[in-house]
Amino acid sequence: MSKQKTIYICQNCGVTSSKWMGKCNNCGEWNTYVEEIVSISKTTALPHKKSEERPQSLSQVVAHVHDRILTADVELNRVLGGGIVPGSVILLGGEPGIGKSTVLLQMALQTIAVKVLYVSGEESVTQTKLRAERIGLMNEKVFIYTDTQVENVLSESDALTPDIIVIDSIQTMQTNMLESAPGSVAQVRESAQILQ
């Protein structure tokens with residue numbers, strides 16, 4: 001059984017409050033609180049289970065080296081610490097119009113050794129194809145999908161089994177688990193968590 005609860009989230013810094021406030025106590029911005037309705041499932045608390053893990057000295061830890069997916073961009077590989085670690089989540093941020101979508105599409109098209117699912121919530125398939133033509137690259141292992149429902153993206157990802165999933169952009173994604181609007185702090189946070 002789940003019940004609904006109203007919370008207020010600062011759209012600037014993401015801090016939550018049980019009541020609306022004119023000024024955010026965390027970031028100091030005015031009129032940034034937005035009402036969000038969240039579903040809270042009632043579950044009985046599970047008894048505490050003792051962990052099998054024990055504290056250990058850092059010098060005793062055996063480091064596992066992960067094979068990284070190398071992109072064609074040497075500088076991007078350097079920034080990522082030697083390439084993309086499988087299973088990792090990487091957030092590319094920047095001002096609107098700075099070229100994030102172009103960089104992501106270029107990376108996807110140049111990474112020939114792996115299958116890439118490029119999910120665009122901002123542009124149509126045709127617009128993405130035109131961007132690829134402007135870049136001057138094509139790659140049969142890059143699949144374009146336009147949807148904003150996280151559950152649909154995961155379903156298509158399960159069917160396609162890509163090595164890399166590019167979400168452009170996380171602010172357009174939404175999940176059925178929340179009733180708030182796409183782009184809200186709650187939707188971005190929950191969508192990113194589900195995708196991770």
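Here, the structure is the one placed above.
Presented here is a report on the structure given in the accompanying data block. (Residues numbered from 1 in each chain as written. Predicted model: local features only at pLDDT ≥ 70, side-chain atom pairs only at ≥ 80, totals over all residues. Heavy atoms only, no water.)

**Thoughts on the sheet that holds strand 5 (residues 142-145)**
Here is step 1: Ordered by their spatial adjacency, 3 strands build an open sheet running 5-4-6, and the pairing between neighbours is parallel. The open sheet has two edge strands with one neighbour each: strand 5 and strand 6 (164-168). Put simply, the sheet's adjacent strands are angled 20° from each other on average, direction ignored.
Here is step 2: Where strand 4 (residues 116-120) meets strand 6, 5 bridges bridge the pair, whose relative direction is parallel. Note that in strand 6 the partner of L117 across the bridge is I165.
Here is step 3: On top of the sheet, helix 4 (residues 150-160) reaches strand 4, strand 5 and strand 6; it is set at about 155° to strand 5, its chief contact. (Pairing = 2+ DSSP bridges. Helix = DSSP H or I, 4+ residues; strand = E, 2+ residues; numbered from the N terminus. Axes fitted to C-alpha atoms, helices over the stretch in contact; angles between N-to-C directions. Contact = heavy atoms within 4.5 Å.)

**Examining the pattern of salt bridges**
Where side chains of opposite charge bring their charged atoms close, a pairing between them can arise.
Here is step 1: All told, the structure shown has 2 salt bridges when counted by the stated rule.
Here is step 2: In this structure, E75 engages R78 in a salt bridge whose closest nitrogen and oxygen atoms are separated by 2.6 Å. With E75 and R78 both in helix 1 (residues 74-79) and 3 residues apart, the pair spans about one turn of that helix.
Here is step 3: Relative accessible area serves as the criterion here: at 44%, E75 is assigned to the partly exposed category.
Here is step 4: Judged by its relative accessible area of 56%, R78 falls in the exposed class.
Here is step 5: In this structure, the salt-bridge partner of R131 is E123, at a minimum N-O distance of 2.4 Å.
Here is step 6: Note on R131: relative accessible area 12%, which makes it buried. (Salt bridge = Lys/Arg side-chain N within 4 Å of Asp/Glu carboxyl O. Buried < 20%, exposed > 50% of the residue type's maximum accessible area, 1.4 Å probe, protein only.)

**Structural notes on unusual backbone geometry**
Here is step 1: A cis amide bond links D168 with the next residue in sequence, S169, at an omega value of 5°.
Here is step 2: Along the chain, the position of S169 falls in the loop between strand 6 and helix 5 (185-195).
Here is step 3: At N31, a residue that is not glycine, the phi angle is positive and equals roughly 55°.
Here is step 4: Residue placement: N31 occurs in the loop between strand 2 (16-17) and strand 3 (33-41).

**Concerning the packing of helix 2 (residues 100-110) against helix 3 (residues 125-135)**
Here is step 1: With their axes 10 Å apart at the nearest point, helix 2 and helix 3 run at an angle of 75° to one another. In terms of orientation, helix 2 and helix 3 fall into the roughly perpendicular class. Counting all contacts with helix 2, which are made through S101, T102, L105, Q106 and L109, the residues of helix 3 involved are T128, R131, A132 and I135.
Here is step 2: When the residues that make up the contact of helix 2 with helix 3 are grouped by side-chain class, the tally is 4 nonpolar, 4 polar and 1 charged. (Parallel < 35°, antiparallel > 145°, perpendicular 65-115°, else oblique. Nonpolar A, V, L, I, M, F, W, Y, C, P; charged D, E, K, R; others polar.)

**Comments concerning helix 4**
Here is step 1: Those residues of helix 4 lying buried are V150, V153, S157 and L160. One side of helix 4 holds all its buried residues, which, seen down the axis, span an arc of 95°. Turned more than 90 degrees from where helix 4 packs its buried face, D158 and A159 sit exposed.
Here is step 2: Residues of helix 4 that are buried sit in contact with strand 4, strand 5, strand 6 and helix 5.
Here is step 3: Directly beyond the C-terminal end of helix 4, a positive phi value near 50° is found at T161. (Arc of directions from axis to C-beta.)

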